[in-house]
Amino acid sequence: MRQLLVIVILLLLGNLKAWAQDHYDPKKALSGEELFLKQSNTSRIIATPGQKYLVLDASPVIGGFHRYRFFPGDNIKFRMENETIRFNETIASVSDSSFSIAIINEAVNRMDYQEILLKDVRLMKVSRRIPFISQLAPILPLAGLIYIGADFFNRGVDNKRFTTDSSSLIVGGALMAAGFVCYKLTFSSLKINGRNKLKVLETY
């Protein structure tokens, strides 16, 4: 069992090289907008002055303040007031108080556009890349399953296969629970309210 624990630890440490790239260098500090433009790897056009885009300023209880930006061409996931429909569409355009999404009308084989007022948006599904946390979200549950599975299929202290003990279940369950927490921190459903505000800004 000790060797199994070493294997799980090595699996987690295998991502240290990728994590090291996220280290912050205070000597090369950039402004918020410069950092966003540098890290953005999409093909959207955001350098045109006066380009309107959506901004979600989120201040959740866990995780601290973060600004999410959505430009025309980006995918957006949200729900509206008094509706249960989950929208997962592409932003077609953004105005001062609304944005439009492109919806394929298969009945007539054409693209329709629906305007969404900002005040009608109730909830948004967002994701953010958090060093260490985001990488661990898929790894920890897998490590927990491997830990429990290895103990189940291999001979343990009782020299029997297809058995496990409470300690293995506790360790494996703790790893999976930690992975779930990391997932919730990376992928969040934010209710639009006083703490999480949706607004429109312009590039300059």
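Reading the values: the criteria
Residues numbered from 1 in each chain as written. Predicted model: local features only at pLDDT ≥ 70, side-chain atom pairs only at ≥ 80, totals over all residues. Heavy atoms only, no water. Helix = DSSP H or I, 4+ residues; strand = E, 2+ residues; numbered from the N terminus. Buried < 20%, exposed > 50% of the residue type's maximum accessible area, 1.4 Å probe, protein only. Contact = heavy atoms within 4.5 Å. Areas by Shrake-Rupley, 256 points an atom, 1.4 Å probe, with all protein chains shown as cover. Pairing = 2+ DSSP bridges. Axes fitted to C-alpha atoms, helices over the stretch in contact; angles between N-to-C directions. Salt bridge = Lys/Arg side-chain N within 4 Å of Asp/Glu carboxyl O. Phe/Tyr/Trp six-rings, centres within 6.5 Å; stacked < 30°, edge-to-face > 60°. Polar contact = N/O pair within 3.5 Å; in protein donor to acceptor, adjacent residues only side chain to side chain.

Notes on the overall build of the protein
Within the protein one finds five helices and nine strands. Written out in order from the N terminus, the α and β elements of the protein read α-α-α-β-β-β-β-β-β-β-α-α-β-β. Looking at the protein residue by residue over its 204 residues, the buried ones come to 30%. Across the protein, the fraction of contacts at a sequence separation of at least 24, relative to all contacts at a separation of at least 6, is 59%. On the protein, roughly 13600 Å² of surface is accessible, and the fraction owed to carbon and sulfur atoms is 58%.

Describing the sheet that holds strand β8 (residues 187–191)
What the six strands build is an open sheet, ordered β6-β5-β4-β3-β7-β8; its pairing is antiparallel. Two strands lie at the open edges of the sheet, namely β6 (110–117) and β8, each paired on one side alone. In this sheet, neighbouring strand axes are inclined to one another by 40° on average, regardless of whether the strands run parallel or antiparallel. For strand β5 (residues 98–105) and β6, the ladder comprises eight bridges, and the chain directions are antiparallel. Opposite I101, over in β6, you have Q114 as the bridge partner. Strand contacts of helix α5 (residues 166–186): β7 (121–127) and β8, with the helix running at about 50° to β8, the strand carrying the most contacts.

Remarks on the pattern of salt bridges
If you walk through the whole model with that rule in mind, you get six salt bridges. Here D120 makes a salt bridge to K119, at a shortest N to O gap of 3.5 Å. The class for D120 is partly exposed, based on a relative accessible area of 24%. Look at K119 and you get exposed, because its relative accessible area is 64%. One network of salt bridges, in which partners are shared, links K52, D96 and E202.

Points about the packing of aromatic side chains
What characterises a pair of aromatic rings is the spacing of the ring centres plus the angle enclosed by the ring planes. For the structure on display, the rule yields five aromatic pairs. Summarising the aromatic geometry, the rings of F78 and F87 are spaced 4.8 Å apart at their centres and angled 5° between planes, so their arrangement reads as stacked.

Quick notes on the side chain of K52
Its place among the elements puts K52 in strand β1 (residues 52–58). At 3.0 Å, the side chain of K52 forms a polar contact with the side chain of E202. Those residues in contact with K52 that sit more than four places away from it in its chain are P72, V94, S95, D96, V200, L201 and E202.

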